[in-house]
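Overview (structure and organization)
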Amino acid sequence: MKRYLTIKNILITVGIIIVDLAIYLVLALLLMDYDDFYDESKGEYWSLESMTFWQKMNYIGFNIWQIINLIMIGYIIYRIVKEIKKRPTTMAINNWGGSDKTKI
């Protein structure tokens, strides 16, 4: 059986989570620029018409990053379910209430 909870795997997972949160933080801070310099005469609040080019890129990048995270979470759940289904079950569970052929 493979060992998944090694120090190396734990550190890699923590590193990926920290990088992910750092990217979220940077994108959120860049989106604060829109809040600070919003002008009502350019359009409705959070409409693309009221944003500059870089504010649009930050907004779209933030949404793309959320989609990437959802895809990765779905992939991780898929891998976990696939690994659980691949594990063998014990004879005690398989034969519980079954035929007498396996009894000693």
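Here, the structure is the one placed above.
Everything numeric here is computed off the predicted structure, so don't read it as measured data.

Some details on the overall build of the protein chain
- Scanning the protein chain for helices and strands turns up three helices and zero strands.
- The order of helices and strands in the protein chain, counted from the N terminus, is α-α-α.
- When burial is assessed residue by residue, the protein chain has 11% of its 104 residues classed as buried.
- For the protein chain, contacts bridging at least 24 residues in sequence account for 43% of all contacts bridging at least 6.
- Put simply, the protein chain shows about 9400 Å² of open surface, and 70% of that area lies on carbon and sulfur atoms.

Looking at the side chain of serine 47
- Structurally, the position occupied by serine 47 is in the loop between helix H1 (7-36) and helix H2 (53-86).
- A polar contact of 2.7 Å, which involves the side chain of serine 47, links it to the backbone oxygen of glutamate 44.

Focus: unusual backbone geometry
- The residue tryptophan 46 is not glycine, and still its phi comes out positive at about 65 degrees.
- With respect to the element layout, tryptophan 46 can be found in the loop between H1 and H2.
- Tryptophan 46 sits in the partly exposed class, given a relative accessible area of 33%.

Focus on H2
- An ideal rise of 1.5 Å per residue puts 50 Å on 34 residues; H2 measures up with 49 Å between its terminal C-alpha atoms.
- Regarding H2, the residues found buried are Gln55, Asn58, Phe62 and Asn69.
- Looking at the packing, one finds that the buried side of H2 touches H1.

Considerations on the side chain of serine 50
- Assignment of secondary structure puts serine 50 in the loop between H1 and H2.
- Here the side chain of serine 50 touches serine 47 through a polar contact of 2.9 Å, landing on its backbone oxygen.
- Residue contacts for serine 50: discarding those within four places in its chain leaves Tyr34, Tyr38, Lys42, Gly43, Glu44 and Gln55.

Some thoughts on the pattern of salt bridges
- Going through the model one piece at a time under the given rule, you end up with one salt bridge.
- We note a salt bridge from glutamate 83 to lysine 86, for which the minimum N-O separation is 3.7 Å. Taken together, the positions of glutamate 83 and lysine 86, both in helix H2 and three residues apart, correspond to about one turn of that helix.
- Overall, glutamate 83 belongs to the partly exposed group, its relative accessible area being 23%.
- We classify lysine 86 as exposed; its relative accessible area is 59%.

Brief notes about H1
- Taking 1.5 Å per residue as the helical rise, H1 with its 30 residues ought to reach 44 Å, and the 43 Å between its terminal C-alpha atoms agrees with that figure.
- Considering only its buried residues, H1 is in contact with H2.

A few points about a nonpolar patch on the surface
- A cluster of nonpolar side chains, contributed by Phe53, Trp54, Met57, Ile60, Ile64, Ile68, Met72, Tyr75, Ile76, Tyr78, Ile80 and Ile84, occupies part of the molecular surface with about 1200 Å² of accessible area.
- For isoleucine 60, a relative accessible area of 38% puts it in the partly exposed group.

The rules behind the values
Residues numbered from 1 in each chain as written. Predicted model: local features only at pLDDT ≥ 70, side-chain atom pairs only at ≥ 80, totals over all residues. Heavy atoms only, no water. Helix = DSSP H or I, 4+ residues; strand = E, 2+ residues; numbered from the N terminus. Buried < 20%, exposed > 50% of the residue type's maximum accessible area, 1.4 Å probe, protein only. Contact = heavy atoms within 4.5 Å. Areas by Shrake-Rupley, 256 points an atom, 1.4 Å probe, with all protein chains shown as cover. Polar contact = N/O pair within 3.5 Å; in protein donor to acceptor, adjacent residues only side chain to side chain. Expected span 1.5 Å × (residues − 1). Salt bridge = Lys/Arg side-chain N within 4 Å of Asp/Glu carboxyl O. Patch = residues over 30% accessible without salt bridge, like charges linked within 9 Å, V, L, I, M, F, W, Y side chains within 5 Å.

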